[in-house]
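# Descriptive analysis of the structure
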Amino acid sequence: MQAKTPSESHTVMTDLVLPSETNPLNNLFGGELLARMDRAASISARRHSRRVTVTASVNHVAFNRAIPLGSVVTVEARVSRAFNSSMEIYIDVWIEDRENGHRSKANEAIYTFVAVDDTGKPVAVPPINPETKLEKERYDAALRRKQLSLVLAGKMKPNDATELKALFIQ
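Residues numbered from 1 in each chain as written. Predicted model: local features only at pLDDT ≥ 70, side-chain atom pairs only at ≥ 80, totals over all residues. Heavy atoms only, no water.

The name given to the protein in an unreviewed UniProt entry is Acyl-CoA thioesterase, with Galbibacter pacificus as the source organism. As its UniProt record puts it under Sequence similarities (unreviewed entry), the protein is described as follows: "Belongs to the acyl coenzyme A hydrolase family." (UniProt positions renumbered as here; feature names shortened; annotations may be inferred.)

## Remarks on the pairing of strand 5 (residues 103-116)
Most of strand 5 sits out of view: 12 of its 14 residues are buried. Pairing of strand 2 (residues 52-63) with strand 5 involves 10 bridges; the strand directions are antiparallel. Directly across from T53, in strand 5, lies its bridge partner A115. Pairing of strand 4 (residues 86-96) with strand 5, which is carried by 11 bridges, proceeds in the antiparallel orientation. Its bridge partner being in strand 5, W94 is matched across the sheet by K105. The turn linking strand 4 back onto strand 5 is made up of 6 residues, and G101 within it adopts a positive phi angle of 80 degrees. (Buried < 20%, exposed > 50% of the residue type's maximum accessible area, 1.4 Å probe, protein only. Helix = DSSP H or I, 4+ residues; strand = E, 2+ residues; numbered from the N terminus. Pairing = 2+ DSSP bridges.)

## Describing a nonpolar patch on the surface
Together, L34, V58 and F63 line one region of the surface with nonpolar side chains, adding up to about 250 Å² of accessible area. Within the secondary structure layout, L34 lies in helix 1 (residues 30-49). For L34, a relative accessible area of 30% translates into the label partly exposed. (Patch = residues over 30% accessible without salt bridge, like charges linked within 9 Å, V, L, I, M, F, W, Y side chains within 5 Å. Areas by Shrake-Rupley, 256 points an atom, 1.4 Å probe, with all protein chains shown as cover. Salt bridge = Lys/Arg side-chain N within 4 Å of Asp/Glu carboxyl O.)

So, in structure tokens, the structure goes:
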């Protein structure tokens, strides 16, 4: 299977925050943002794998800034690393200043998707070949995150988590 680059899975979704999507403080509901991120990540995973994909986990979400009513919100997703049948998707959320159009990062998240066949059985996905410095950093960190998750779930022995151990051994 031929490797792909993160840019091949790049997905951009831009939308406006409407009144029905806000909480009593007139900020975007967190659940609405999670749904938008899930959709963008799903498209990104599908572009990478060219298969049906399903959300396996939401590994990390940082609600760093509130997103006010009327904001233009852009959700960007890319596959940061591919494993056997799973893909880590890194998501950046940007808001656009209404006055000058300047974009600033509001939130980020990391989702895991699995590619499946028509019966729902996991299938292999192409590897990732990161190109930029940021893509390489996210690619390397993805293996540490996966190992940490496996150790915490009891599916990997701590001594086998070589990339994770390397952070603590000098």
